[in-house]
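Chain residues, written in single-letter form:
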Amino acid sequence: MKTAPGCAAVLRAAAPGRAAFLRASLLVATATATCDVAPVWPEQFTLVQRRIPDNETLGPATATTVTYYDWHAKANLIVITPDGAEADVLWDLELDSGHSYYFTPRENKCTPMSMPVGILRPDWLANATSLGRTQFNGRDVVAFTKADFIDYYADAETCAPVSWYFHSMKARFDTVFWSPGLAVPDASYFDPPSYCAS
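Residues numbered from 1 in each chain as written. Predicted model: local features only at pLDDT ≥ 70, side-chain atom pairs only at ≥ 80, totals over all residues. Heavy atoms only, no water.

**Description of the nonpolar core**
(1) Moving on: With 23 residues, the main nonpolar core has Trp41, Phe45, Tyr69, Trp124, Leu125, Tyr152 and Trp164 as its most contacted residues.
(2) Moving on: The set of elements that each furnish at least two residues to this core consists of strand E1 (44-53), strand E8 (139-146), strand E9 (150-155), strand E10 (161-166) and strand E11 (171-180).
(3) Moving on: Not counting the four nearest positions on each side in its chain, phenylalanine 45 is found in contact with Thr67, Tyr68, Tyr69, Trp178, Ser179, Pro180, Gly181 and Leu182. (Core = buried A, V, L, I, M, F, W, Y, C linked by side-chain atoms within 4.5 Å. Buried < 20%, exposed > 50% of the residue type's maximum accessible area, 1.4 Å probe, protein only. Helix = DSSP H or I, 4+ residues; strand = E, 2+ residues; numbered from the N terminus. Contact = heavy atoms within 4.5 Å.)

**Focus: the side chain of threonine 65**
(1) Moving on: Locating threonine 65 in the fold gives a position in strand E2 (residues 63-70).
(2) Moving on: Residue class for threonine 65 comes out buried when judged on its relative accessible area of 2%.
(3) Moving on: Sequence-distant contacts of threonine 65, defined by excluding residues within four places in its chain, comprise Leu47, Val48, Gln49, Arg51, Ile78, Val79, Ile80 and Phe173.

**As for the pairing of E9**
(1) Moving on: Counting buried residues along E9, six of its six residues qualify, which places the element largely inside the surrounding structure.
(2) Moving on: Remark: three residues form the turn of the hairpin made by E8 and E9, two consecutive strands paired antiparallel; alanine 147 in that turn has positive phi of roughly 50 degrees.
(3) Moving on: Relative to E10, E9 runs antiparallel, the two sharing five bridges. Its bridge partner lying in E10, tyrosine 153 is registered against serine 163.
(4) Moving on: Between the end of E9 and the start of E10, which pair antiparallel, lie five residues, with cysteine 159 showing a positive phi angle near 70 degrees. (Pairing = 2+ DSSP bridges.)

**A look at the state of the cysteines**
(1) Moving on: Taken as a whole and assessed by the stated rule, the structure comprises two disulfides.
(2) Moving on: Here cysteine 110 engages in a disulfide with cysteine 196; their sulfurs sit 2.0 Å apart. An S-S torsion of about 105 degrees defines the bridge between cysteine 110 and cysteine 196 as right-handed. With cysteine 110 in strand E6 (residues 109-114) and cysteine 196 in the segment after E11, this residue pair connects regions lying 86 residues apart in the sequence.
(3) Moving on: In the protein chain, the cysteines engaged in disulfides, taken in order along the sequence, are linked 1-3, 2-4. (Disulfide = S-S within 2.5 Å.)

**Things to note about the sheet that holds E9**
(1) Moving on: Strand order in the open sheet formed by 11 strands is E6-E5-E4-E3-E2-E1-E11-E10-E9-E8-E7, and the pairing between neighbours is antiparallel. Taken across any chain shown, the strands that pair with only one partner, and hence form the sheet edges, are E6 and strand E7 (129-136). Across the sheet, the mean angle separating the axes of adjacent strands is 20 degrees when strand polarity is ignored.
(2) Moving on: Here strand E5 (residues 99-104) pairs with E6 via six bridges, running antiparallel. In the strand pairing of E6, serine 100 is matched with methionine 113. (Axes fitted to C-alpha atoms, helices over the stretch in contact; angles between N-to-C directions.)

This is how it looks when you write it as structure tokens:
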């Protein structure tokens, strides 16, 4: 059975050799990047966010999400751990083959889904409408919106994701940790479990 690394495990795994690298990357990014146009995602990253619904009684619960995006592997995995129900982890595995799987390893339950568009391309925000510069959670950001689907907030200097808001879900996702280039802990995480085939 697959077990998801929690937020703390992701941060510990990234910390030892990456702290200096991340500081240097931020200095370089700050010196060279601006987000006057829609950001382009790196081809691989790990992202930890807090999911905060507008109204928890009407929508999804508050949770921690860990996203492993890998354009070359043609896979995107979002591990969702609801607050107060840490054992009820939901894995949302999206593959570029047009298949997605929502599964809970603890219960061996799986719901396969057809997603013909596959995973988001690194430049998926290319046709987004700029909402300009603003402040979000005390940071200077550039905001974009796309197709009544998402509002996306990127750091105005580094282009790192600060938050996004899904219109239909009525929930925002605030970034806690962002590491371009940090891979999924195990490539097998991108394989749907055998119980998804039944």
